[in-house]
Amino acid sequence: MMADLKPIRNEADYDAALDEVGRLWGAKSGTPDGDKLDVLATLIDAYEAKHHPIDPPDPVEAIRFRMEQQGLSRKDLEPMIGPRNRVADVLNRKRGLSIDMIRQLHDGLGISAEVLIRPSRMDKVA
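Residues numbered from 1 in each chain as written. Predicted model: local features only at pLDDT ≥ 70, side-chain atom pairs only at ≥ 80, totals over all residues. Heavy atoms only, no water.

In the nomenclature of an unreviewed UniProt entry, the protein chain is known as HTH-type transcriptional regulator/antitoxin HigA of Gluconacetobacter liquefaciens.

Structure representation (structure tokens):
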């Protein structure tokens, strides 16, 4: 049944696994094709984590993204960050986030504390 499954050791194996996932996409769970899809997804995840790691987003980018998603203004951030000038400083990367701000943003916007605690990319000032 799954005898043709093998570890993903290089980019060619990775590409072949992605092609097979595309072919199997939508297979019902619990069927042979569904089981194969589950196993391939696990193998691909492991390969990507090792060979194509994705850095978590920058805290300011995460805040801006959530603001856009939820249609929030800078004023909406004031209860979580502080007065208008502090919100501006944070969004313009002139001020880092305090632990209290991180807690408030995590609770208020649902942004992972792991993302918010990372240093902001100060070198990316617009």
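Moving on, there is more to tell.
Chemist: Teacher, can you tell me more about unusual backbone geometry here?
Modeler: Leave glycine aside and you will find that most residues have negative phi; peptide bonds, for their part, are mostly trans. With a phi close to 60°, arginine 93 is a non-glycine residue in the positive phi region. Assessed through its relative accessible area of 11%, arginine 93 is described here as buried. (Buried < 20%, exposed > 50% of the residue type's maximum accessible area, 1.4 Å probe, protein only.)

Chemist: Explain the packing of helix H4 (residues 74-81) against helix H6 (residues 99-109) here, please?
Modeler: Relative placement of two packed helices is described by the angle separating their axes and the distance separating the axes. At their nearest, the axes of H4 and H6 sit 8 Å apart, and the two run at 125° to each other. Comparing the axis directions of H4 and H6 gives the class oblique. In this structure, H4 uses Leu77, Pro79, Met80 and Ile81 to contact H6, whose residues at the interface are Met101, Gln104, Leu105, Gly108 and Leu109. (Axes fitted to C-alpha atoms, helices over the stretch in contact; angles between N-to-C directions. Helix = DSSP H or I, 4+ residues; strand = E, 2+ residues; numbered from the N terminus. Parallel < 35°, antiparallel > 145°, perpendicular 65-115°, else oblique. Contact = heavy atoms within 4.5 Å.)

Chemist: Help me understand the environment of histidine 106 in this model?
Modeler: Among the structural elements, histidine 106 can be located in helix H6. Beyond its immediate chain neighbours, meaning those up to four positions away, histidine 106 contacts Ile111, Ser112, Ala113 and Leu116. A distance of 2.8 Å separates a polar atom in the side chain of histidine 106 from the backbone oxygen of isoleucine 111. (Polar contact = N/O pair within 3.5 Å; in protein donor to acceptor, adjacent residues only side chain to side chain.)

Chemist: Help me out: how do you make sense of the UniProt feature "domain: HTH cro/C1-type" (unreviewed entry) in the protein chain in this one?
Modeler: UniProt annotation of "domain: HTH cro/C1-type" (unreviewed entry) refers to residues 63-116 when read in the numbering used here. Counting secondary structure, residues 63-116 comes out at 72% helix and 0% strand; the distance between its end C-alpha atoms is 9 Å. (UniProt positions renumbered as here; feature names shortened; annotations may be inferred.)

Chemist: It is not clear to me how the side chain of aspartate 58 should be interpreted in this structure. Could you clarify?
Modeler: Looking at the secondary structure, you find aspartate 58 in the loop between helix H2 (32-51) and helix H3 (59-70). Residue aspartate 58 is classed as buried on the basis of its relative accessible area of 1%. Setting aside its immediate chain neighbours within four residues, aspartate 58 contacts Arg93, Val115, Pro119, Ser120 and Arg121.

Chemist: Hey, could you run me through the domain arrangement of the protein chain in this one?
Modeler: How large an interface is tends to be reported as the accessible area lost when its parts come together. Here the protein chain is described as being made up of domain 1 (11-52) and domain 2 (59-117). Domain 1 and domain 2 are separated by 37 Å when their C-alpha centres are compared. (Domains from an automatic or database assignment.)

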